[in-house]
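Next come the chains, spelled out residue by residue.
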Amino acid sequence: SAVAVLTVLPAAGTLIVNGAQTYQTIDGFGVNANSGSWINNEVQPVLDALIDQAGMTLFLAEFVGNDNWEAANANPGASLTNWTYFNSVYSGPNFQQLWGMMAYLNQRGITYGLMPKFTGYTALWMGGRSLTPGYENDYAKMLASALIYARQTQNLQFTVVPPLNEPDITGFDTGVQLSGASQYVTVVDDLGLQ
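My aim in this report is to walk through the structure given alongside it, one point at a time. (Residues numbered from 1 in each chain as written. Predicted model: local features only at pLDDT ≥ 70, side-chain atom pairs only at ≥ 80, totals over all residues. Heavy atoms only, no water.)

## Notes on a nonpolar patch on the surface
Rules: Patch rule: a residue counts if its relative accessible area is over 30% and it has no salt bridge; like charges are joined within 9 Å, and nonpolar side chains (Val, Leu, Ile, Met, Phe, Trp, Tyr) within 5 Å. Surface accessibility follows the Shrake-Rupley procedure with a 1.4 Å probe radius. Residue values consider only the protein chains on display as shielding. Put simply, a salt bridge is a Lys or Arg side-chain nitrogen that is within 4 Å of an Asp or Glu carboxyl oxygen. A run of DSSP states H or I qualifies as a helix once it reaches four residues; a run of E qualifies as a strand once it reaches two. Both are numbered from the N-terminal end.
The grouping of Y184, V185 and V188 at the surface amounts to a nonpolar patch, some 210 Å² of accessible area in total. Summarising the element assignment, V185 is placed in helix 5 (residues 181-193).

## Points about the packing of aromatic side chains
By convention here, two paired aromatic rings are described through the distance between centres and the angle between planes. Our working rule: The pairing test for Phe, Tyr and Trp rings, Trp by its six-membered ring, is centres within 6.5 Å, and the orientation test on the planes gives stacked under 30 degrees, edge-to-face over 60, and tilted for anything in between. The cut-offs for exposure are 20% and 50% of the maximum accessible area for each residue type, with area from a 1.4 Å probe on protein chains only; residues under the lower value are buried, those over the upper are exposed, and the others partly exposed. Look at NZ for Lys and CZ for Arg. If either is within 6 Å of the ring centre and within 35 degrees of the ring normal, a charge sits over the ring.
Inspection of every chain in the model, using the stated rule, returns 16 aromatic pairs. Ring centres 5.7 Å apart and planes at 35° place the aromatic pair W38 and Y104 in the tilted group. Here W38 is found in the loop between strand 1 (30-34) and helix 1 (44-52), whereas its partner Y104 is found in helix 3 (residues 93-107), with 66 residues between them in sequence. We note that W38, like Y104, is buried. Centroid distance Y90 to Y149: 5.2 Å. Interplanar angle 50°. Geometry classified as tilted. With a gap of 59 residues between them, Y90 in helix 2 (residues 83-90) and Y149 in helix 4 (residues 136-153) connect regions that are remote in the sequence. By relative accessible area, Y149 is classed as buried at 5%. Members of the aromatic cluster, each reached through a chain of ring pairs, are F63, W69, W83, Y85, F86, Y90, F95, W99, F118 and Y149. Note that R151 overlies the ring of F158, its terminal NZ or CZ placed 4.4 Å from the centroid.

## Quick notes on helix 5
The test is simple: Helix span, as expected, comes to 1.5 Å for every residue beyond the first. The arc in question is traced by the directions running from the helix axis to the C-beta atoms. When checking whether two residues touch, look at their non-hydrogen atoms; a contact exists if any pair is within 4.5 Å.
With 13 residues, helix 5 should reach 18 Å at 1.5 Å per residue; the first-to-last C-alpha distance of 18 Å fits that figure. Taken together, the buried positions of helix 5 are Q183, V187, D190 and L191. Burial along helix 5 is one-sided: seen end-on, the buried residues are contained in an arc of 105°. Among the exposed residues of helix 5, those oriented more than 90 degrees off its buried face are A181, S182, G192 and L193. Buried residues along helix 5 sit against helix 4.

## Comments concerning the environment of W69
Here is the rule: Two N or O atoms count as a polar contact when they lie within 3.5 Å, although within protein this holds only if one can serve as hydrogen donor and the other as acceptor, and sequence-adjacent residues are included solely when both atoms are side-chain atoms.
With respect to the secondary-structure elements, W69 resides in the loop between strand 2 (58-62) and helix 2. Its relative accessible area of 9% is what places W69 among the buried residues. Between the alpha carbons of W69 and L143 there is a distance of 9.9 Å; along the sequence they are 74 residues apart. If sequence neighbours within four positions are ignored, W69 has contacts with F63, Y85, V89, Y90, F95, F118, M142, L143, S145 and A146. In terms of polar contacts, W69 uses its side chain to reach the side chain of Y90, at 2.7 Å.

## Looking at the nonpolar core
A general feature of soluble globular proteins is that nonpolar side chains tend to end up buried together. The test is simple: Throughout this description, the term nonpolar core refers to a set of buried Ala, Val, Leu, Ile, Met, Phe, Trp, Tyr and Cys residues connected via side-chain atoms within 4.5 Å.
Formed by 44 residues in total, the largest nonpolar core has its most connected members in F59, W69, Y90, F95, W99, F118 and Y139. Of all elements in the fold, only strand 1, helix 1, strand 2, helix 2, helix 3, helix 4 and helix 5 reach the threshold of two or more residues within this core. Top contributing element to this core by residue count: helix 4, with nine residues.

Encoded structure:
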């Protein structure tokens, strides 16, 4: 048997780069640091090398686990009130890994470029894999509680928060799926109001 291969080369083109014309500014290149690796500070030398040798200034501090830490609706109503529940959750070992890694990055001077990130499915009562319409405020309150705890209780410094991780990708556990742009805007608006 024989196989024929046809290769088509694209037509030659001209690329002109005008450094005086800017459309988007890149702050830098960074690291997606998984908080599950923060065990007995073993990853400190790696973070040090990324900062000191590679010049990294942007760190996405990813929480290990799903966004399902509010197993039941611990905070009904429009605003955050059940701090007894949330304080017990955020003082647990998984969150302590995240807070510890973020605190170390703060000590190393990473504040502006530090971004806490929460991935995976949400609590089953909110929909699990996909956020059930009508639960946008509950999801936003859950995320806000983690961010408020990080800032006020752990005294962590960060300026950027990616509120949702890949909400349009189906079939993977990278983030809770949303029904579309309108639901995304509702979650982000509700998060900003907390």
